[in-house]
Amino acid sequence: MTKPSFYITTPIYYVNAAPHLGTAYCTMLCDVQARYRRTAGYDVKFLTGMDEHGEKVAEAAADHGFDTPQAWCDSQAPLFRDLWEKIEISNDDFIRTTEPRQHHAVQYLWDRMNESGYLYKGSYDGWYCVPEETYFTENQVKKSDEEHETQGQHLCPDCGRPLERVQEESYFFKLSAFQDKLLAFYDEHPDFVQPDFRMNEVRTFVEGGLTDLSVSRTSFDWGIPVPFDDGHVTYVWFDALLNYMTAVGYSLDDEASRAEFAKRWPAQYHVVGKDIIRFHCVIWPAMLMAIGEALPEHVFAHGFLTVRNSETGEAEKMSKSRGNAIAPQDVIDLMGVEGYRYYFMTDVSHGKDSAISFDRMEQVYNADLANSWGNLVSRSLNMSAKYFDGKTPALADGWAEKDNPLREIAQGIEARYAACMDVMDYAGAKDVVMELVHAANHYIEDTAPWAVAKDEARAEELRDIIVNLLESIRISAHLFAPFMPETSAEVFRRMSLEGEETTDDLAAVCEWGGLAGDVPVTKGDALFPRLAADKK
Ligand code: MSP
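The rules behind these values
- Residues numbered from 1 in each chain as written.
- Predicted model: local features only at pLDDT ≥ 70, side-chain atom pairs only at ≥ 80, totals over all residues.
- Heavy atoms only, no water.
- Axes fitted to C-alpha atoms, helices over the stretch in contact; angles between N-to-C directions.
- Helix = DSSP H or I, 4+ residues; strand = E, 2+ residues; numbered from the N terminus.
- Parallel < 35°, antiparallel > 145°, perpendicular 65-115°, else oblique.
- Left-handed = near helix turned anticlockwise from the far one by under 90°.
- Contact = heavy atoms within 4.5 Å.
- Nonpolar A, V, L, I, M, F, W, Y, C, P; charged D, E, K, R; others polar.
- Buried < 20%, exposed > 50% of the residue type's maximum accessible area, 1.4 Å probe, protein only.
- Pairing = 2+ DSSP bridges.
- Phe/Tyr/Trp six-rings, centres within 6.5 Å; stacked < 30°, edge-to-face > 60°.
- Lys NZ or Arg CZ within 6 Å of the ring centre and 35° of its normal.

Enquirer: Account for the packing of helix H17 (residues 459-480) against helix H18 (residues 485-494), with residues named and values stated.
Expert: Where H17 meets H18, the closest approach of the two axes is 8 Å, and the angle between their N-to-C directions is 155°. Classified by the interaxial angle, the pair formed by H17 and H18 is roughly antiparallel. Two packed elements cross with a definite hand, and for H17 against H18 that hand is left-handed. Of H18, the residues touching H17 (which contributes Ile473, Arg474, Ala477, His478 and Phe480) are Ser488, Val491 and Phe492. Grouping the constituent residues of the contact of H17 with H18 by class yields five nonpolar, two polar and one charged.

Below you can see the structure in the form of structure tokens.
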């Protein structure tokens, strides 16, 4: 049977600074989903990459003393790739908008747009925010207070930074023609934008009216040339959004590319931050409507990671330009990659903004990983090795049908977990697994295997207890694998179940009864050593 395709993308990141926790967060959200879908039987394509054109990147290149923006981007690409590898990002592709495949696709897009009747030449006279790479009309901009250091300047309504005045010949995309079509599309696809409240924001924005979008630049040259008009380069967002189709063969005419495009497009999920919803939920769908391509199934918009400003006490978006960005390495140093992934994926809200703190990280790590999950694994493997001669107990016929409290919780656990994972409710999915982990820890206290082991007449009871614990661990390791892939692989190794994590039938492997009996078991080192208070 052919597996259904599941195509998921991150935004492509501007190459203006090294990645920080905020950028890594978005990539990790996708990674957990991609890993989960692979185990659930999908043929996954997970794309991430870099957005290398535009004024912002050209300025960063100049600021860093590079001769060309390309040389700057080339110097930064390894930082992104290396970080993704370090934090166990399992992307299948890494696109850079300066690659020939993107150049080809963007020029092909220009020709399709030209034929569509939704493109016209005019001149743009208005404001431009370089850090946000966004146009603003006179009515949208804020004028700063004369007293303030930005005296009388026009400021970006989104980020508050000074705007640039732009007056230039430009091609325009007739975005205004898509208001009704977009509203009708949202009505037919109420779950297009997730979570729900973001859908309402998008709808309200579109109901307010749309203005045509300037999609080429002439005062500036770091971009893909417009194929039919020398001197015009593509507006960075018009270029960037197309990456999602470029990576699955859009614009290529050979049979393999056409088959890939037919299989992968439309994407199931674009995961983006709330600041770029308008590009993904309004402009991108309108572009696709104009050229007659299918729209993505869902755009999931997450909030920002924020940090508390020690002077004002206010929560601020973490960003390089605010100087409050935390390097992923700082968190890795504190609690390892697996702890890092667990905390950000299960404790941080994925819809709204979330203030993060090292205190909270430590608390979650110690409570959930050191004291609960890690402790359960150590105690259970240790007892199995101790009481069964370095092995898991030999399994008695019918063991998996025997009633016990852990088996009861494990019934239907995969379905409860999947219902959360399918909608990116990772905190909910974690609670489902933790219920089994906590129950197993209580079961150890309630059954007191160390006492049972002293009485030879209770050998069968001891075997049942250990088997039930090991089986709970095996199932929990499967369900935790998208969050902590290396830990789960290690748990499987210690139970002589190497390679279990590569399953593509999660429902089947989570059935009670998959344990291997009478095989070597290794206690190993603590998976999550407790953090000492001074390790911050
Ligand atoms: N290049 C565009 C995206 C083009 S997609 C076709 C862009 N790049 S970005 O590097 O500025 O931001 C990329 C993503 O990182 C955005 O989704 C943004 O929301 C996210 N984040 C940047 N800082 C963040 C936090 N502090 N918290 C969470 N996500 C944040 O926009």
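And the narrative resumes.
Enquirer: Could you give me a rundown of the pairing of strand S3 (residues 93-96), with the residues and numbers involved?
Expert: Residues of S3 alternate between two faces, with Asp93 and Ile95 on one and Phe94 and Arg96 on the opposite face, all of them buried. Taken together, the four bridges between strand S2 (residues 43-51) and S3 define a ladder with parallel strand orientation. Across the sheet, residue Thr48 finds its bridge partner in S3, namely Phe94.

Enquirer: I'd love a proper account of the sheet that holds S3, names of residues and values included.
Expert: Read across the open sheet, the six strands follow the order S3-S2-S1-S13-S14-S9; overall the sheet is parallel. For this open sheet the edge positions go to S3 and strand S9 (193-194), each flanked by a neighbour on one side alone. Of the pairings in the sheet, the one linking S9 to strand S14 (residues 298-302) comprises two bridges and is parallel in character. Residue pairing across strands places Gln194 opposite Phe300, the latter belonging to S14.

Enquirer: Before we move on, could you go through the environment of Trp84 and cite the residues and values that matter?
Expert: Of note, Trp84 is situated in helix H3 (residues 69-86). A sequence separation of 413 residues divides Trp84 from Leu497, and the C-alpha atoms of the two residues are 27 Å apart. With near-sequence residues (within four places) excluded, Trp84 lies in contact with Tyr13, Pro19, Thr23, Ala24, Thr27, Thr48, Ile89 and Phe94.

Enquirer: Describe the packing of aromatic side chains, listing the residues and the values that go with them.
Expert: Tallied over the entire structure, the rule returns 35 aromatic pairs. On the numbers, 3.8 Å between centres and 5° between planes, the contact of Trp237 with Phe279 is stacked. Of this pair, Trp237 sits in helix H7 (residues 236-241) while Phe279 sits in helix H10 (residues 277-291), and the two are 42 residues apart along the sequence. With relative accessibility at 8%, the residue Trp237 sits in the buried group. Ring centres of Tyr365 and Phe528 lie 6.0 Å apart, and the angle between their planes is 80°; on these two criteria the pair is classed as edge-to-face. Note that Tyr365 is positioned in helix H12 (residues 358-387) and Phe528 in the segment after helix H19 (506-509), a separation of 163 residues in sequence. On the basis of relative accessibility, which here comes to 6%, the residue Phe528 falls in the buried class. The structure contains a cluster of three or more aromatic residues connected by ring pairs, namely Tyr7, Tyr108, Tyr244, Tyr250, Phe261, Trp265 and Trp284. Stacked on the ring of Trp127, the Lys or Arg Arg165 has its end atom at 4.9 Å from the ring centre. For Lys352, the ring lying beneath its charged end belongs to Phe197, and the centroid distance is 5.1 Å.

In short, shape yes, function no, at least from these values alone.
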